[in-house]
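Here is how the chains run, residue by residue.
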Amino acid sequence: MEKKKANIDRNNGVIKLRGVEKSFADYDVLRGIDLDLYQGENLVVLGRSGTGKSVLIKLISGLLSPDAGTIEVLGNEVTTITERELEELRIRIGFSFQNSALYDSMTVRKNLEFPLVRNRKNITRAEIDKNVQEVLEAVGLSQTINQMPAELSGGQRKRIGIARTLILNPEIMLYDEPTAGLDPITCIEINELINEVQERYNTSSIIITHDLTCAKMTGDRIAMLLDGQFQRVGAFEEVFATTDPRVTPFYDYNFIQ
Ligand SMILES: Nc1ncnc2c1ncn2[C@@H]1O[C@H](COP(=O)(O)OP(=O)(O)OP(=O)(O)O)[C@@H](O)[C@H]1O
């Protein structure tokens, strides 16, 4: 289950956060975080519930503004660009959210066509069909094209959700708890898919998870949020080579129980 070495360009940062702070009322969630995501890298973000992982994703996608610091995404300073530029930037990012529900009343094909028709104004019917077939093949579910979401398993729905983001050829993928609620075998399949996406589409990804098997299988680097900062960043083994009582329970819970 070791992660295969990826083709990462460490001279090319696709996301760069510096000194980012974010508070709500009197709760300082992020207390000056620095983070780099490099081209081609899978970066796993770990942290307890409520440590600000979702806030981090919202800051990166411009849905929230930081109180301080800079957030550069694909060469754009998210804190200062216009709403229109932000919309264009978001098209270059694939969001795979836990509840990124498919449209229940639409077939798999229609679900996949939806982002294309909305975002690629002059696309032809033939191009749409080709793109749909390509992403379905990439997630290994070509046979489901005419099925309704209700007919799919949880793992298959997750795959179609990922296919729906891939159809716009994102440069960055943001996965929020990709394995939550799935059985262990399906979890492993989703982890493998995340790695296949990295390889095939040359994406750079942030993967938010509590699942250390997911972290180990998909992460080229792990960044652990502790008390509002990334205090442990590195390879899986490095991050957990500690007796820090804020860190060891994660490992023990996942691997020893
Ligand atoms: N819009 C908001 N207004 C007020 N407080 C917020 C808002 N968004 C997040 N918070 C608070 O910020 C903290 C971090 O929330 P966040 O959702 O980022 O946690 P998380 O690390 O993603 O947790 P989980 O693993 O449970 O999803 C929480 O205490 C939450 O209540």
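Note that the coordinates shown come from a computational prediction; the quantities given were computed from them, not determined experimentally.

A.B. asks: I'd like a rundown of the confidence of the model for the protein, residues and numbers included.
C.D. replies: Mean pLDDT over the protein: 93, with 98% of residues reaching 70 or higher. Across the protein, the element-wise mean pLDDT spans from 80 in helix H9 (residues 248–255) up to 98 in strand S4 (residues 68–73). Overall fold confidence for the complex sits at a pTM of 0.93, while the interface term, ipTM, reaches 0.96.

A.B. asks: Now, about the nonpolar core: what can you tell me, with residues and values included?
C.D. replies: Counting residues in hydrophobic clusters, the biggest one holds 55 residues, and the most contacted among them are Val 45, Val 135, Ala 163 and Ile 222. If you tally residues by element for this core, the top one is helix H6 (residues 184–201), at five residues. Both domains that furnish three or more residues to this core are identified here as domain 1 (1–92 + 171–257) and domain 2 (100–169).

A.B. asks: Report on the domain arrangement of the protein, specifying residues and quantitative values.
C.D. replies: For the protein, the assigned domains are domain 1 (1–92 + 171–257) and domain 2 (100–169). Its C-alpha centre places domain 1 at a distance of 25 Å from the equivalent point of domain 2. Ranked by the residues each element gives to the side of domain 1 that touches domain 2, the list is headed by H6, at seven residues. Along the lines of polarity and charge, the residues of the side of domain 1 that touches domain 2 split into eight nonpolar, two polar and two charged.

A.B. asks: Talk me through helix H3 (residues 108–119); I want residue IDs and the actual numbers.
C.D. replies: Listed in full, the buried residues belonging to H3 are Val 108, Asn 111, Leu 112 and Glu 113. In this structure, the buried residues of H3 make contact with helix H4 (125–138) and helix H5 (154–166).

A.B. asks: Pulling in residues and values, what's your account of helix H1 (residues 53–60)?
C.D. replies: The complete set of buried residues in H1 reads Lys 53, Leu 56, Ile 57, Leu 59 and Ile 60. Along the axis of H1, the buried residues cluster in a sector spanning 160°; they form a single face. With its phi angle positive at about 75°, Gly 62 sits one or two positions after the end of H1.

A.B. asks: I'd love a proper account of the sheet that holds strand S6 (residues 93–96), names of residues and values included.
C.D. replies: Remark on secondary structure: sheet strands pair via backbone hydrogen bonds, oriented parallel or antiparallel. One open sheet accounts for six strands, arranged S6-S7-S8-S3-S9-S10; its pairing is mixed. Two strands in the sheet have a free side with no partner beyond their single neighbour: S6 and strand S10 (229–234). With direction set aside, neighbouring strand axes in the sheet form an average angle of 20°. With five bridges connecting them, strand S7 (residues 172–176) and strand S8 (residues 204–208) associate as parallel partners. Each bridged residue has a counterpart across the sheet, and for Ile 172 the counterpart in S8 is Ser 204. Each of S6 and S7 touches H5; the most contacted strand, S6, lies at about 165° to it.

A.B. asks: Go over the pairing of S8 with me, naming the residues and quoting the values.
C.D. replies: With five of five residues buried, S8 is to be regarded as a mostly interior element. Here S8 shows two buried faces, one formed by Ser 204, Ile 206 and Ile 208 and the other by Ser 205 and Ile 207. Strand direction decides the pairing type here: strand S3 (residues 42–46) and S8, joined by four bridges, are parallel. Bridge pairing in S8 links Val 44 to Ile 207. Each parallel crossover has a hand, and the one from S7 via H6 to S8 is right-handed.

A.B. asks: Outline unusual backbone geometry, supporting the account with residue identities and numerical values.
C.D. replies: For Ala 25, which is not glycine, the phi dihedral falls at a positive 50°. Note on placement: Ala 25 falls in the loop between strand S1 (9–24) and strand S2 (27–39). Given 5 C-beta atoms within a 10 Å radius, Ala 25 is considered exposed. Within the chain, Glu 177 stands out as a residue other than glycine whose phi angle is a positive 50°.

About the thresholds
Residues numbered from 1 in each chain as written. Predicted model: local features only at pLDDT ≥ 70, side-chain atom pairs only at ≥ 80, totals over all residues. pLDDT = per-residue confidence, 0-100. Helix = DSSP H or I, 4+ residues; strand = E, 2+ residues; numbered from the N terminus. Core = buried A, V, L, I, M, F, W, Y, C linked by C-beta atoms within 7 Å. Buried ≥ 20, exposed ≤ 12 C-beta atoms within 10 Å, placed from the backbone. Domains from an automatic or database assignment. Nonpolar A, V, L, I, M, F, W, Y, C, P; charged D, E, K, R; others polar. Contact = placed C-beta atoms within 7 Å. Arc of directions from axis to C-beta. Pairing = 2+ DSSP bridges. Axes fitted to C-alpha atoms, helices over the stretch in contact; angles between N-to-C directions. Right-handed = clockwise from strand over helix to strand, strands pointing away.

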